[in-house]
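# Topology and contacts: notes
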Amino acid sequence: MIPVRCFTCGKVISGAWEEYKKRTKLEDPAKVLDDLGISRYCCRRMMLTHVELVDESSPYY
Amino acid sequence: MKVEIIELGDRAAKFVLSGVAPAFVNSIRRAMLAEVPTLAIDYVNIYDNTSVLFDEQLALRLGLIPLITDLDSYVLPSECSCGGEGCSQCQVSLTLSAEGPKTVYSTELVSADPSVMPAEVVPLIKLSERHRISLEAIARLGTGHDHAKWQAGIACGYKNVPKITISDECDACGMCVDACPRGVLVIADDVVKVVDERACSLCRLCEGVCELNKIYDVIKVGTHPDSFIVTAETDGSIPIRELITRSAENISDRAEALDGYLSVIDMEMEMDHHAT
Ligand SMILES: [Zn+2]
Ligand SMILES: [Zn+2]
């Protein structure tokens, strides 16, 4: 799961994850992040570097 | 002291404080980060959790949800008349139960006090078939001193107001204009002009690329030592206006308390002096 807040500044960024994931399939991540109001680079890397692993592990629970 | 507001939204603000010492601006920043309390989930009774996250991870995610806080109707557990045992004055109960397959959001929390609600839609956990969660969470007031989840202010900071001076020796070669990453400088009528001084990040790249700077002081990036550009943001638990005013009140309250302690020490010293 995407972390609830940015590790560095504490901004709640998790709410933007689903839209980010959907839109970046077609659009440029930089533009999507700008649109979502994620302006600081600490928050932007939260999205850019996240790897979603819940779907991988959930069949084994 | 002078305040000039540049931006004032619901959650973010930018203003210039002038005629103050750096220590004063810093104390405002620190009060915004660590002194103004907010509500956050602090205790969780987990009745059922067959999801992919451990109970502890789930509790952490719950704790980080910003909760809309009316600071006039709640008190810190340590200052409550119940003595910290927990009552309706100092804590709120929120319940959550869900069954997969679905993603559970913070908005599904059912609060005992309808005014205390999550300020953001946070995806808490993705549940598959057969996965269930059922829990009761207790939210309490706290400050950023104890845990970042109680920190109402986000990315609160300040910088000195920049002061860029360009002398007459400038030959308007334009090197500084190209070097500036913030677009602070332009060439107009064959002279270099400063268009957006406050946008300057004080990186001094312009000083470095200027060839004439090796001989004279042509372009110099300085600061106004007693003026500050303050930026602040909240996590949504309280409006930014309230965060700023409450942090200022907090400083004045603590200064008054210190004054009280000092006068007691003064009095005791005087009594000692008379006794001897
Ligand atoms: Zn951040
Ligand atoms: Zn109480």
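Quick notes on the rules
Each chain has its residues counted from 1, following the order in which its sequence is written. A letter from A marks each chain and a number from 1 marks each ligand, given out in the order of writing. Selection of residues for local features in this predicted model requires a pLDDT of at least 70, selection of side-chain atom pairs for listing and counting requires 80 or more, and totals for whole chains, interfaces and linings are taken over all residues. Only runs of H or I of at least four residues qualify as helices and only runs of E of at least two qualify as strands under DSSP, and these elements are numbered from the N terminus. Each residue is classified by how many other C-beta atoms fall within 10 Å of its C-beta atom, where C-beta atoms are placed from the backbone; a count of 20 or more means buried, 12 or fewer means exposed, and values in between mean partly exposed. Residues are treated as contacting if the C-beta atoms built from their backbones sit within 7 Å of each other. Note: the arc covers the axis-to-C-beta directions of the helix. To estimate how far a helix should reach, multiply one less than its number of residues by 1.5 Å. Per residue, pLDDT captures the predictor's confidence, and it can take any value from 0 to 100. Classes in brief: Ala, Val, Leu, Ile, Met, Phe, Trp, Tyr, Cys and Pro nonpolar; Asp, Glu, Lys and Arg charged; the others, Gly included, polar. Residue ranges labeled as domains rest on an automatic or database domain assignment. Any two strands between which DSSP finds at least two bridges are classified as paired. For helices, the axis comes from a line fit to the C-alpha atoms of the stretch in contact; other axes are also lines fit to C-alpha atoms, and the angle between any two N-to-C directions lies between 0 and 180 degrees.

### Focus on the overall build of chain A
- Within chain A, the regular secondary structure consists of four helices and zero strands.
- Shown N-terminal to C-terminal, the secondary structure of chain A runs as helices and strands in the order α-α-α-α.
- Seen through its principal axes, chain A has C-alpha atoms that stretch 35 × 30 × 15 Å.
- The buried share among the 61 residues of chain A stands at 26%.

### Remarks on the environment of Leu62 of chain B
All names here are of chain B.
- For Leu62, the position within the fold is in helix H2 (residues 55-63).
- Distance in space between the C-alpha atoms of Leu62 and Ala139 is 9.7 Å, their sequence separation being 77 residues.
- Excluding its chain neighbours within four sequence positions, the residues that come into contact with Leu62 are Ile41, Val44 and Ala137.

### Notes on helix H3 (residues 41-48) of chain A
Residue and element names in this part refer to chain A.
- Considered for burial, the residues of H3 that qualify are Cys43, Met46 and Met47. Projected down its long axis, H3 carries its buried residues within an arc of 90 degrees, all on one side.
- Lining the buried residues of H3 we find helix H1 (17-23) and helix H2 (29-35).

### A closer look at helix H5 (residues 240-275) of chain B
All names here are of chain B.
- Over its 36 residues, H5 runs 53 Å from end to end, which matches the ideal 52 Å to within 8%, given 1.5 Å per residue.
- Among the residues of H5, Ile240, Leu243, Ile244, Ser247 and Asn250 are the ones counted as buried.
- Where H5 is buried, its residues contact strand S2 (12-18), helix H1 (22-34), strand S9 (153-166) and strand S12 (219-234).

### What to know about the confidence of the model for chain B
- Here chain B averages 93 in pLDDT, while 100% of its residues score no lower than 70.
- Here the prediction assigns the complex a pTM of 0.87, and the interface score ipTM is 0.92.

### Topic: the interface of chain B and chain A
- Chain B puts 19 residues into the contact, and the matching count from chain A is 16 residues.
- Among the secondary structure elements, those contributing two or more residues to the side of chain B that touches chain A are strand S7 (123-127) and S9 of chain B.
- It is S7 of chain B that contributes the most residues to the side of chain B that touches chain A, three residues altogether.
- In the side of chain B that touches chain A, the residues fall into eleven nonpolar, four polar and four charged.

### Digging into the domain arrangement of chain B
- You can read the domains of chain B as domain 1 (2-34 + 154-233) and domain 2 (38-151).
- Computed over C-alpha atoms, the centres of domain 1 of chain B and domain 2 of chain B are 42 Å apart.

### Observations regarding the environment of Pro162 of chain B
Residues and elements named next belong to chain B.
- Mapped onto the fold, Pro162 is located in strand S9.
- Spatially, the C-alpha atoms of Pro162 and Glu242 are 28 Å apart, while their sequence positions differ by 80 residues.
- Residue contacts for Pro162: discarding those within four places in its chain leaves Glu197, Arg198, Cys200, Leu202, Val221 and Thr223.

### Brief notes about the sheet that holds strand S1 (residues 2-8) of chain B
Residues and elements named next belong to chain B.
- Across the sheet, four strands lie side by side as S1-S2-S12-S9; this open sheet has antiparallel pairing. Since the sheet does not close on itself, it has two edges, and those belong to S1 and S9, each with one partner. Averaged over all pairs of adjacent strands, the angle between strand axes in this sheet comes to 30 degrees, irrespective of strand direction.
- Contacts from H1 reach S2, S9 and S12 within the one sheet, and its direction differs from that of S9 by about 155 degrees.

### Here we look at the sheet that holds strand S3 (residues 38-49) of chain B
Residue and element names in this part refer to chain B.
- The four strands lie next to each other as S3-S8-S4-S6, forming an open sheet whose pairing is antiparallel. Unpaired on one side and paired on the other, S3 and strand S6 (110-111) mark the two borders of the sheet.
- Two elements, strand S4 (residues 91-99) and strand S8 (residues 132-142), share nine bridges in a ladder whose sense is antiparallel. Looking at the pairing, Gln91 lines up with Arg140 of S8.
- H2 rests against S3 and S8 of the sheet, and its axis sits at about 150 degrees to S3.

### Observations concerning the pairing of S12 of chain B
- Bridging between S2 of chain B and S12 of chain B involves seven bridges; their strand directions are antiparallel. Within the sheet, the bridge partner assigned to Ala12 of chain B lies in S12 of chain B and is Glu233 of chain B.

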